[in-house]
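Listed below are the residues making up each chain.
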Amino acid sequence: MNDLFQQDIKFLTGVGPKRAELLNKELEISTFHDLLTYFPYKYIDRSKFYTCRQVNNDLSYIQLRGKIRNFRMEGQRGRKRLVAEFYDKEGSISLLWFHGIKWIKDSISEDREYIVFGKPSIYQRQIHLIHPEIDDPSKKEGKLSSGLQALYSTTEKLKTNYITSKTIQKLQQNLLEKVAGQIHETIPVYLVKKLNLISRKEALINIHFPANAELLKKASFRLKFEELFYIQLNLLKLKTNREIKFKGYIFSKVGEHLNNFYHHYLPFSLTEAQKRVIREIRTDLGSGKQMNRLLQGDVGSGKTLVAFMSILIALDNGYQTCLMAPTEILARQHLTTLSKFTKKLDIEISLLTGSTKKAERRIIHENLQNGRLSIIVGTHALIEETVLFKNLGLVIIDEQHRFGVAQRSKLWKKNIHPPHILVMTATPIPRTLAMTLYGDLDVSVIDELPPGRKPIKTLHYFDRQRNRVFGFIRKQIEAGQQIFIVYPLIKESEKMDYKDLEDGYESISRAFPPPKYSVSVVHGKMKPEEKEASMQHFIAGRTQIMVATTVIEVGVDIPRASVMVIESAERFGLSQLHQLRGRVGRGSAQSYCVLMSSVKLSNEAKKRLQTMVRTNDGFEIAEVDLKLRGPGDIEGTQQSGIAFNLKIASLGQDGQILQYARNMAEQILEKDPGLTHPENNILVSRLKTLKNTSNNWSVIS
Ligand code: ADP
Ligand code: MG
């Protein structure tokens with residue numbers, strides 16, 4: 001990119017310092033390049049004209065040709081508005097303005113013909129065009145305009161400062177007139193030819209001022225492809241670089257421990273999905289490359305067993321493994337589960353967390369360093385400088401979205417060679433998003449639950465039906481089951497949320513009084529020891545009800561908990577609801593998820609609750625989530641440090657283009673892993689530019 005495109009937007013004709021500041025604040029447009037890549041969100045056909053008689057309020061944008069008369073002021077002091085009559089040969093319709101009144105009155109003359117354009121809407125039970133665009137047909141159209149008019153999103157603040165979609169369009173025109181000659185190709189010529197793409201210059205002109213529908217389609221494809229292609233190329237390049245730079249330890253043996261476990265101690269037969277994933281992992285571990293694999297599997301799909309069998313492969317080949325969990329409780333739970341297996345196999349395993357006592361910690365450090373200890377389970381405590389391994393061969397990270405990339409790489413530093421890495425997550429991510437977020441990892445999916453699991457039943461109740469829900473809870477408790485009741489906690493309304501939680505806790509304690517019942521409470525304001533103790537009470541079955549904010553750990557296994565009540569469920573996102581629901585359904589009893597909400601629901605909230613009631617499939621839910629909210633808000637996106645901010649492509653809609661872009665990037669790297677062929681120079685320099693000019697990019701690597 002040359003300097004012209006990095007020029008401050010205030011230097012563009014029609015902008016100036018004041019508008020520049022607004023554009024910057026409201027739309028993050030501060031350079032020519034930013035404006036040029038501020039793409040329209042939709043287009044309207046302005047080749048068609050309607051007549052006044054055809055107008056009804058079901059139409060979206062319409063365009064009429066006629067004259068304007070009878071200007072008059074209506075309304076009281078503060079709510080004054082300007083009304084005028086627009087008419088053609090067939091009839092008339094009202095135009096309406098709330099501001100800019102003087103300017104409108106002064107600039108329109110009654111004897112001239114105008115083109116008005118706007119969306120018919122009802123105001124005081126009559127059809128109006130409110131703040132229509134008004135053009136003088138005698139004025140020459142700009143040479144870049146066409147029948148398809150781009151619409152740009154703006155904000156209230158921009159609109160009140162007279163920067164409308166139309167204004168932005170005008171600015172785009174000024175900009176293109178100035179820079180079009182300098183727009184250079186950013187994709188190698190051979191690729192442009194092979195894919196039959198239009199040039200970057202043509203694409204940028206047509207995305208803002210489509211010459212026709214066909215060229216608009218081509219422009220949009222070209223720009224979407226380019227955007228997704230460079231993201232994929234960057235990710236796959238990272239992967240390739242890693243493969244070139246690092247050799248992986250080769251775990252070639254299928255040894256004694258794995259065989260022994262598989263033939264004598266496997267507590268159940270593996271699901272087909274588990275078998276497939278273990279095969280994939282074994283292939284990686286024997287390949288001579290360093291494994292970097294993401295293991296996705298819904299809650300309860302049996303990831304732990306896969307992890308354990310991977311640990312045994314490392315062990316049989318003489319290497320150590322560490323398993324990291326995001327919290328102490330989860331780490332303990334992993335230790336408990338794994339200890340059941342290791343005891344039988346006579347293998348040492350230890351736990352290292354923040355609360356491990358000094359003396360014990362010293363022994364663990366020693367045994368890791370001299371190699372006597374081959375399996376360590378723990379939390380962040382594992383990445384402290386003092387922890388050193390003799391030969392760490394495998395790192396398993398549970399619930400990756402809470403571990404940053406930087407933290408992951410700390411483990412790398414412990415070794416001469418990087419260990420194999422298996423990242424496990426129960427957050428289902430749509431394929432397109434996984435390809436983008438974790439595009440430099442290989443992905444395995446456990447898409448099957450162990451047999452005999454009863455699917456969780458999900459019910460939606462309104463707040464006034466609370467008594468019925470309480471009755472249901474009593475029955476469940478009588479049957480020996482435990483209950484979660486979760487309240488939302490959102491930072492912005494923290495005080496109110498805690499009030500809700502307190503009120504809720506009180507009313508639940510009243511409805512479920514001692515000595516017959518006992519209720520635990522856990523929330524973020526408690527001290528860690530208090531939280532832990534309260535949690536342990538519930539896990540041990542000493543309390544029947546756990547009232548909590550969302551602090552209930554992902555992955556915590558409490559088989560006797562069979563009911564998850566989610567208060568104000570409309571305030572939770574889909575992935576959060578799904579995660580919470582996954583806290584139950586671990587035992588043999590029928591489990592339930594009860595979504596409580598008020599009667600007033602937004603369409604989106606309704607859709608979320610309906611989706612939860614309809615399906616238990618985490619991937620299906622993730623797809624709906626992606627479509628509803630876009631990728632920026634999907635769980636796991638923020639935590640991994642990549643706030644997705646695609647300018648034109650959409651992960652919800654452009655999955656096919658994404659796959660195509662990834663395939664192309666793969667093919668190119670296969671032929672030219674270092675991107676050293678002259679024809680690929682442009683790829684290298686483009687990657688560099690993107691890294692330097694975009695915040696999102698710098699965090700990917
Ligand atoms: P997650 O993927 O959520 O970590 P877990 O590994 O905790 O799931 O497994 C959930 C439960 O399913 C555990 O109680 C585990 O013992 C059981 N399980 C795992 N694999 C199988 C299987 N193949 N057949 C039956 N039960 C299984
Ligand atoms: Mg788990």
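About the criteria used
Residues numbered from 1 in each chain as written. Chains lettered and ligands numbered in written order. Predicted model: local features only at pLDDT ≥ 70, side-chain atom pairs only at ≥ 80, totals over all residues. Heavy atoms only, no water. Helix = DSSP H or I, 4+ residues; strand = E, 2+ residues; numbered from the N terminus. Buried < 20%, exposed > 50% of the residue type's maximum accessible area, 1.4 Å probe, protein only. Contact = heavy atoms within 4.5 Å. Areas by Shrake-Rupley, 256 points an atom, 1.4 Å probe, with all protein chains shown as cover. Lys, Arg positive; Asp, Glu negative; His and termini not counted. Charge placed at Lys NZ, Arg CZ, Asp CG, Glu CD. Axes fitted to C-alpha atoms, helices over the stretch in contact; angles between N-to-C directions. Parallel < 35°, antiparallel > 145°, perpendicular 65-115°, else oblique. Left-handed = near helix turned anticlockwise from the far one by under 90°. Nonpolar A, V, L, I, M, F, W, Y, C, P; charged D, E, K, R; others polar. Phe/Tyr/Trp six-rings, centres within 6.5 Å; stacked < 30°, edge-to-face > 60°. Pairing = 2+ DSSP bridges. Salt bridge = Lys/Arg side-chain N within 4 Å of Asp/Glu carboxyl O. Domains from an automatic or database assignment. Core = buried A, V, L, I, M, F, W, Y, C linked by side-chain atoms within 4.5 Å. Expected span 1.5 Å × (residues − 1). Arc of directions from axis to C-beta. Near = heavy atom within 4 Å. Polar contact = N/O pair within 3.5 Å; in protein donor to acceptor, adjacent residues only side chain to side chain.

A word on the overall build of the chain
Within the chain one finds 25 helices and 22 strands. With respect to the principal axes defined by its C-alpha atoms, the chain has extents near 95 × 70 × 40 Å. Across the 701 residues in the chain, those meeting the buried criterion constitute 53%. Within the chain, contacts between residues at least 6 apart in sequence are counted, and of these 74% link residues at least 24 apart. Accessible surface, the chain as shown: approximately 33,700 Å² in total, 50% of it carbon and sulfur. Averaging the locations of the 102 positively and 75 negatively charged side chains of the chain gives two centres separated by 1 Å.

Some points on the packing of helix 12 (residues 303–316) against helix 13 (residues 328–345)
For the pair helix 12 and helix 13, interaxial distance at closest approach is 11 Å and the crossing angle is 45 degrees. In terms of their interaxial angle, helix 12 and helix 13 are classed as oblique. Helix-helix and strand crossings are classified by hand; for helix 12 and helix 13 the assignment is right-handed. Contacts between helix 12 and helix 13 involve T304, L305, F308, I311 and L312 from the former and H334, T337, L338, F341, T342 and L345 from the latter. For the contact of helix 12 with helix 13, a count of residues per class yields 7 nonpolar, 4 polar and no charged.

With respect to the packing of aromatic side chains
Counted according to the given criterion, the structure contains 18 aromatic pairs. Measuring from centroid to centroid gives 5.1 Å for F229 and Y230, while their planes differ by 75 degrees, and the two rings are edge-to-face. Residue classification places F229 among the buried positions, given a relative accessible area of 0%. The rings of F221, F225, F229, Y230 and Y660 are connected pair by pair, giving a single aromatic cluster.

Observations regarding the sheet that holds strand 14 (residues 392–398)
Here we have 7 strands laid out as an open sheet, ordered 12-13-11-14-15-10-16, and parallel in their pairing. A strand with exactly one partner marks an edge of an open sheet, and here the two such strands are strand 12 (350–352) and strand 16 (442–446). The average undirected angle you get between the axes of adjacent strands in this sheet is 20 degrees. Strand direction decides the pairing type here: strand 10 (residues 292–297) and strand 16, joined by 5 bridges, are parallel. Note that in strand 16 the partner of G297 across the bridge is I446.

Some points on the pattern of salt bridges
The tally for this structure, following the rule as stated, stands at 33 salt bridges. Between E21 and K25 there is a salt bridge; the shortest N-O distance is 3.7 Å. A residue pair is termed a helical-turn pair when its members lie 3 or 4 positions apart in one helix, as E21 and K25 do in helix 2 (residues 16–27) at 4 residues. K25 gets classed as exposed once you look at its relative accessible area, which sits at 59%. One salt-bridge network, in which partners are shared between bridges, spans E185, R200, R222, E226 and R686.

Things to note about the environment of G255
You can see G255 is positioned in the loop between helix 9 (213–245) and helix 10 (256–265). Of the residues examined, G255 reaches a relative accessible area of 11% and is grouped as buried.

Some points on the sheet that holds strand 17 (residues 457–462)
Read across the open sheet, the 6 strands follow the order 17-22-21-18-20-19; overall the sheet is parallel. At either margin of the open sheet sits one strand with a lone partner, and together these are strand 17 and strand 19 (519–522). Across the sheet, the axes of successive neighbouring strands diverge by a mean angle of 20 degrees, strand direction being ignored. Bridge analysis of strand 18 (residues 482–486) against strand 20 (residues 545–548) gives 4 bridges, and the strand direction is parallel. Each bridged residue has a counterpart across the sheet, and for V486 the counterpart in strand 20 is A548. In the packing of helix 20 (residues 574–581) onto the sheet, contacts are made with strand 17, strand 18, strand 21 (561–566) and strand 22 (592–597), and the angle to strand 21 comes to roughly 155 degrees.

Some thoughts on the domain arrangement of the chain
In terms of domains, the chain is made up of domain 1 (47–145), domain 2 (209–234 + 649–699), domain 3 (256–285 + 301–425) and domain 4 (457–615). A separation of 54 Å is found between the C-alpha centroids of domain 1 and domain 4.

Thoughts on the nonpolar core
In terms of nonpolar packing, the biggest core is built from 53 residues, with F225, F229, L233 and I376 touching the most fellow members. Lining this core are residues from two domains, each supplying at least three of them: domain 2 (209–234 + 649–699) and domain 3 (256–285 + 301–425). Formed by 42 residues, the second largest nonpolar core is a distinct cluster that contains L266, A273, M291 and V306.

Remarks on helix 23 (residues 655–671)
End to end, helix 23 covers 25 Å across 17 residues, agreeing with the expected 24 Å (1.5 Å per residue, within 8%). What helix 23 keeps buried is the set I657, L658, A661, R662, M664, A665, I668 and L669. One face of helix 23 carries all of its buried residues, which in axial projection span an arc of 160 degrees. Every exposed residue of helix 23 that faces more than 90 degrees away from the buried side is listed here: Q656, E670 and K671.

Examining the site of ligand 1
Contacts to ligand 1 come from 15 residues, most closely from Q274, G300, K303, T304 and R453. The separation between an oxygen atom of ligand 1 and a polar main-chain atom of G302 is 3.1 Å. In this structure, an oxygen atom belonging to ligand 1 sits 2.7 Å away from a side-chain N or O atom of T304. Burial of ligand 1 by the protein amounts to 77% of the accessible area it has alone, namely 570 Å². Looking at the shell around ligand 1 residue by residue, the class counts come to 4 nonpolar, 7 polar and 4 charged.

Section: the side chain of Q579
With respect to the secondary-structure elements, Q579 resides in helix 20. In this structure the side chain of Q579 is engaged in a polar contact, spanning 3.4 Å, whose partner is the backbone oxygen of A426.

Quick notes on the environment of A561
With respect to the helices, strands and loops of the structure, A561 is situated in strand 21. Judged by its relative accessible area of 0%, A561 falls in the buried class. A561 sits 25 residues away from R586 along the chain, and the two C-alpha atoms are 7.7 Å apart. A561 has contacts with Q482, F484, V584, G585 and S591, leaving out every residue within four places of it along the chain.

Looking at the packing of helix 10 against helix 13
It is at 11 Å that the axes of helix 10 and helix 13 come closest, and there the two elements cross at 105 degrees. The pairing of helix 10 with helix 13 is recorded here as roughly perpendicular in orientation. Residue-level inspection shows H257, N260, F261 and Y265 of helix 10 in contact with helix 13, the latter providing F341, K344 and L345.

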